[in-house]
Amino acid sequence: MDIELIEIRDFLASHPPFDGLPEEALNALPKQLTVRYLRRGSIFPPEDESAPALYILRRGAIELRDRAGDLISKLAEGDTAPSACEDRRIQRQFTGTAAEDSLIYLLPCELLGQLRAEHPDFAAHFEQSVSERLRQAIDLVKDSGTSASASLMTVRVRDLLGKNLISAPPGISIEQAARVMSEARCSSLIIMEDKQLRGLLTVRDLRDRCLAAGLSPQRPVSEIMTRTLHTTTVETPGFQVLITMSRLNVHHLPVLREGEVVGVISTSDLVRFQSANSVYLVGDIRKAEDLGTLIAIARKIPELQIHLVASGATADQVGQAITAVTDAISLRLLELAEQALGAPPFPYCWMVGGSQARREQSAHSDQDNALLLAQAPTPEQDAYFKALATQVTDGLNACGFVHCPGDVMASNSKWRQPLNVWHGYFTDWIERPQPQALLNASVFFDLRALHDPEHLFPALQREILHKTSENRIFIAHMAANAIKHRPPLGFFRNFVLIRGGDHDHTFDLKLRGTVPIIDMARVHALSAGIPEVNSLERLRMVAGSAALSRDGGANLIDALEFIGTLRVRHQAGQLRAGEEANNFLSPDSLSPLERGHMKEAFALIASLQETLGQRYQAGRFA
């Protein structure tokens, strides 16, 4: 195949639906395409093309408009135009213009039909709705996690390697080696020389061959390291590693990838993997007697996220599991605080907001909480609740749920109030929706009672929902706020990326992906007076109403799950590498199919934002 045809084949192979074709079909395709060049301003499809075809945009940009002249779509590199192969009327439903000088491939309808008949995956692209394709994409993302089940029978060593390779040369002193291990908080040290594995030093070596033997810690580490080593590979199942360790009576094995050492797997890694599930953690939390124990348990939360993603869990499942752990820690901290301070002077409700209320937390969420008091406190009584709230919020902070940057916590006296004051807050926010009120919306309009023995919360929630569902002006302000965060999709369906700084060439999966959907779900739920706060549940309950069509709701649910699952998978990869988890993803890290689905999800969000904005005339309040 000559170089030009190879270039065309590679281009097709990197864009859906052609990336679903087998190699043989892809190799045959370039010769059967017609190539057209359109100057800027040219009519699309070309007027001198009498036979319908599937148009594939290789370079440039095409604008499609309806009969009224309104822009309905923009095609960019890799996009296919609506095909008239099955129905010639399609081409009469729009007019097109080349917005730039454009290069187009034409795939004859006959060949398109043949490819669809022979390759079901390719055909599915034309037969499935966007929603169906997103649901399929969610399955693919889940499957690409790592393994089909959360057991050592299936998980691979690569998924258990927690940190970067920690190594040292054989000439380093025993004391220096111990210091390296202490600083890295690891129980073993790879000894390397000229990129070759020379030995392994473990805590047991330090104990038995140095301290117990009376050897000077200034001697080289090569005198006590284990030289005869067994190794494993990144692709080895965890269960097989466990069997190997048991057989050899060792607790550490160096791990190789293509012959190079990339880390060490230990029995602790295997045990931790087995124990890192929310049920196990919650059980331990309930038995914890002090903050130190809770901190130790909370350190397993990142492993829980890694474990769940490896098991094929969706973003919703990860959020539910991690929030269950956060809830348990919060409740245990409240119990410990009451044990230390004595019984409260009167009943109270501990409320959680934001992602914890929605049960959508990930391993690096901060805390949002507040206190609803059964009555106005005296100064002495308020001192008690301040001490209780401070002990809990500081405890959560120590457990990794950092203090809220906006000080939305029960330790702040403003958010530690009786029912009548909370009524006043919400009345003011709803009837006079100023910018600060809209900022509070993401926390206080996603509110859940975590500890409420006297059932104080339902009265407050009923009042909130009654007021929001009756106040169209407030909902319009909320709608205007909800469409401020636009998906990172450019005019021609290209990704709009961050330029410069620490997150160059990425987009924010949370702020530009999941937050717009969560905001829309909140608007619909408050408008309908729905008490549920979880975003998926909100969308399920409101779908089919006058505010949101059944298809629209299903599309948003699929888009939220797809983007959210990519986000937790991205974070799990960072946590596995010992990095701090964030929301910034480079499109280069996605497969061509995932990039295509991502664009479809972003386009769906943008479309439904437009619908929301028009329904509530949000432009008047932007």
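Residues numbered from 1 in each chain as written. Predicted model: local features only at pLDDT ≥ 70, side-chain atom pairs only at ≥ 80, totals over all residues. Heavy atoms only, no water.

### Describing the overall build of the protein chain
Definition in use: A run of H or I in DSSP becomes a helix once it reaches four residues, and a run of E becomes a strand once it reaches two; helices and strands are each numbered from the N terminus. Reported accessibility uses the Shrake-Rupley method at a 1.4 Å probe radius. Residues are deemed covered only where the shown protein chains occlude them. The charge count treats Lys and Arg as positive and Asp and Glu as negative. His and the chain ends do not count. A charged residue contributes its charge at one atom only: NZ of Lys, CZ of Arg, CG of Asp or CD of Glu.
Along its length, the protein chain carries 24 helices and 19 strands. Overall, the protein chain is about 90 × 70 × 40 Å in size when its C-alpha atoms are taken along their principal axes. Per element, the accessible surface of the protein chain, about 28,500 Å² overall, is 49% carbon and sulfur. Separation of charge centres in the protein chain, based on 64 positive and 75 negative side chains, amounts to 1 Å.

### Concerning helix α14 (residues 315-341)
Heads up, the rule is: Given the number of residues in a helix, its expected span is that number minus one, multiplied by 1.5 Å.
Spanning 27 residues, α14 covers 38 Å between terminal C-alpha atoms, matching the ideal 39 Å at 1.5 Å per step. Phi turns positive, to about 95°, at G342, one or two residues after α14.

### Observations concerning the pairing of strand β6 (residues 95-98)
What counts, and what does not: Per-residue accessibility, obtained with a 1.4 Å probe over protein chains only, is compared with the maximum for each type, and a residue is labelled buried under 20%, exposed over 50%, and partly exposed between these values. Any two strands between which DSSP finds at least two bridges are classified as paired.
Covered by surrounding structure in β6 are G96 and A98 only, the residues T95 and T97 on the alternate face being uncovered. Examined bridge by bridge, strand β4 (residues 62-65) and β6 share four bridges and lie antiparallel to one another. When the sheet's bridge partners are listed, I62 is paired in β6 with A98.

### A look at the packing of helix α17 (residues 419-431) against helix α19 (residues 457-470)
The packing of two helices is summarised by the inter-axis angle and the distance between the axes. For clarity, the threshold we go by: Orientation is described by axes fitted as lines to C-alpha atoms, over the contacting stretch for helices, and by angles from 0 to 180 degrees between their N-to-C directions. Small angles under 35 degrees read as roughly parallel and large ones over 145 as roughly antiparallel, with 65 to 115 read as roughly perpendicular and the rest as oblique. Should the near helix be turned anticlockwise from the far one by less than a right angle, the crossing is termed left-handed; should it be turned clockwise, right-handed. By definition in these notes, contact holds between two residues if any of their heavy atoms fall within 4.5 Å.
Taken N-terminus to C-terminus, the directions of α17 and α19 make an angle of 15°; their axes are 10 Å apart at the nearest point. If you check the angle between α17 and α19, you find them roughly parallel. Classified by chirality, the crossing of α19 by α17 is right-handed. Along its contact with α17, which presents L419, W422, H423, F426, T427, I430 and E431, the element α19 presents A459, L460, E463, I464, K467 and T468.

### Here we look at the packing of aromatic side chains
Here is the rule we go by: By convention, a stacked pair of Phe, Tyr or Trp rings (six-membered ring in the case of Trp) has centres within 6.5 Å and planes under 30 degrees apart, an edge-to-face pair has planes over 60 apart, and any other such pair is tilted.
Tallying each qualifying case throughout the model produces 20 aromatic pairs. Both rings, one in Y348 and one in F385, keep their centres 5.7 Å apart while their planes meet at 70°; by these two values the pair is edge-to-face. Highlighted residues: Y348 in strand β14 (residues 348-353) and F385 in helix α16 (residues 379-398), separated in sequence by 37 residues. Under the relative-accessibility criterion, F385 is labelled buried at 0%. Judged by centre distance (5.4 Å) and plane angle (25°), the ring pair of W429 and F444 falls under stacked. In this pair, W429 sits in helix α17 while F444 sits in helix α18 (residues 435-444), placing the two residues 15 residues apart along the sequence. Of the two residues examined, W429 and F444, each falls in the buried class. Taken together, W415, W422, Y425, F426, W429, F444, F445 and F474 form an aromatic cluster joined through their ring pairs.

### A few points about the packing of helix α13 (residues 301-310) against α14
For the record, the criterion: Each residue gets one of three labels, nonpolar for Ala, Val, Leu, Ile, Met, Phe, Trp, Tyr, Cys and Pro, charged for Asp, Glu, Lys and Arg, and polar for the others, Gly among them.
Relative to each other, α13 and α14 sit at 155°, their axes nearing to 10 Å. Comparing the axis directions of α13 and α14 gives the class roughly antiparallel. For the pair α13 and α14, the crossing hand works out as right-handed. Contacts between α13 and α14 involve I301, L304, Q305, L308 and V309 from the first element and V318, A321, I322, V325 and I329 from the second. Residues that form the contact of α13 with α14 fall into these classes: nine nonpolar, one polar and no charged.

### Description of the domain arrangement of the protein chain
Operational definition: Where each domain begins and ends is defined by an automated method or by a domain database. Once two parts are brought into contact, the accessible area they lose, counted with a 1.4 Å probe and summed over both, makes up the buried area. Definition used for salt bridges: Asp or Glu carboxyl oxygen within 4 Å of a side-chain nitrogen of Lys or Arg. For this analysis, a polar contact is any N or O atom pair within 3.5 Å, provided that within protein one partner can donate a hydrogen and the other can accept it, and provided that sequence-adjacent residues contribute only side-chain to side-chain pairs.
You can read the domains of the protein chain as domain 1 (3-127), domain 2 (157-274), domain 3 (315-452) and domain 4 (475-620). In this assembly, 14 residues from domain 1 lie in contact with six residues from domain 4. Here domain 1 and domain 4 share an interface that buries about 790 Å² over both sides, 65% of which is from carbon and sulfur atoms. Taken together, the connections running from domain 1 to domain 4 amount to zero salt bridges. In this structure, the connection of domain 1 to domain 4 is made through zero residue pairs in polar contact (both at pLDDT 80 or more). Per-element accounting of the side of domain 1 that touches domain 4 gives the leading share, three residues, to strand β5 (residues 71-75). Per-class residue counts for the side of domain 1 that touches domain 4 are seven nonpolar, two polar and five charged.

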